[in-house]
Structures are given as C-alpha cells and as structure tokens.
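One letter stands for each residue in the lines below.
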Amino acid sequence: MSYGTTILLVVILVIMVALLLLGIRGISWAQNAKKELEEEEEQRLVLKSIGDGQRSIAAALISIQSEIADIRNRISAIENATTKEKA
C-alpha cells in the first residue's frame with residue numbers, strides 16, 4: 001500500500017465517523033422534538049380540562065344566583081304578606 005491509499009482510507013473513515021455522529025445527533029434531536037411535542041399536547045389537554053371545569057363552575061354559579069334571586073323574591077313576598085296582615 002502506498003501512502004496515498006492510506007491517506008485516502010483515513011479520510012474516508014473520518015468522513016464516515018463524522019456522518020455517523022451527525023446521524024446520531026439528528027436522531028437525538030428528532031426524539032427530543034417528539035418528546036417536547038408530546039409534553040405540549042399533554043399540557044394543552046390539561047389546560048382544556050381546566051377550562052371546561054371553569055365553564056361548568058360558572059354555569060353552576062349562574063344557576064345558584066338565579067335560585068337565590070328566586071328565594072329572595074319569595075321571602076320578600078312572604079314579608080309583604082305578613083306586614084299586610086298586621087296592618
């Protein structure tokens with residue numbers, strides 16, 4: 001073997017190692033990106049469920065407020081009826 005062939009073989013091996021390392025790094029980046037997307041999707045689902053819970057609580061509060069208003073009206077009617085009976 002001549003020195004030219006040995007140098008060419010070493011250069012090819014260095015290029016192959018560099019390509020292998022870049023490939024491994026690319027796979028690692030892809031896996032990290034996929035993991036981040038999954039975490040973001042999980043966070044989105046949690047936030048969506050929190051929003052749904054808040055909407056149901058708001059609806060329940062509105063219902064409770066209307067029931068309280070109805071009770072106040074009934075108490076007021078009873079108070080008016082008792083004051084008319086006393087008079």
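The coordinates are above.
Below or above, wherever it landed, is the structure these notes cover.

A few words on the overall build of the protein. Assigned secondary structure in the protein consists of 1 helix and 0 strands. Taken against the 2.2 N^0.38 rule, which gives 12 Å for 87 residues, the C-alpha radius of gyration of the protein at 37 Å runs more than 25% over that of a compact globule. Judged by the C-alpha coordinates and their principal axes, the protein covers about 125 × 10 × 5 Å. Summed over all atoms, the accessible surface of the protein reaches about 8100 Å², with 66% contributed by carbon and sulfur.

Okay, a negative patch on the surface next. On the surface, Glu-36, Glu-38, Glu-39, Glu-40 and Glu-42 cluster together into a negatively charged patch. Among the structural elements, Glu-39 can be located in helix H1 (residues 3–86).

Summed over all chains, the structure comprises 4 salt bridges. A salt bridge links Arg-44 to Glu-41; the nearest nitrogen and oxygen atoms lie 2.7 Å apart. Within this pair, Arg-44 and its partner Glu-41 are both found in helix H1, separated by 3 residues, close to a single helical turn. Given the relative accessible area of 43%, Arg-44 is considered partly exposed. Given a relative accessible area of 37%, Glu-41 falls into the partly exposed group.

How each quantity is defined
Each chain carries its own residue numbering, running from 1 in the written order of its sequence. In view of the model being predicted, local features appear only for residues whose pLDDT reaches at least 70, and side-chain atom pairs are presented and counted only at 80 or more, with totals across whole chains, interfaces and linings using the full set of residues. For the side-chain quantities, the full set of heavy atoms in the structure was used; hydrogens and water were omitted. Working definition: helices are DSSP H or I runs of at least four residues, strands are E runs of at least two. Numbering for both runs from the N terminus. The globule rule is 2.2 Å times the number of residues to the power 0.38, and the radius of gyration it is compared with is taken over C-alpha atoms. Working definition of accessibility: Shrake-Rupley area with a 1.4 Å probe, residue cover restricted to the visible protein chains. Residues enter patches when their relative accessible area tops 30% and they take part in no salt bridge; the joining distance is 9 Å for like charges and 5 Å for the nonpolar side chains Val, Leu, Ile, Met, Phe, Trp and Tyr. Throughout this description, the term salt bridge denotes a Lys or Arg side-chain nitrogen within 4 Å of a carboxyl oxygen of Asp or Glu. As used throughout, the charge tally considers Lys and Arg to be positive and Asp and Glu to be negative, leaving His and the chain termini uncounted. Charge coordinates come from a single atom per side chain, which is NZ of Lys, CZ of Arg, CG of Asp or CD of Glu. Per-residue accessibility, obtained with a 1.4 Å probe over protein chains only, is compared with the maximum for each type, and a residue is labelled buried under 20%, exposed over 50%, and partly exposed between these values.

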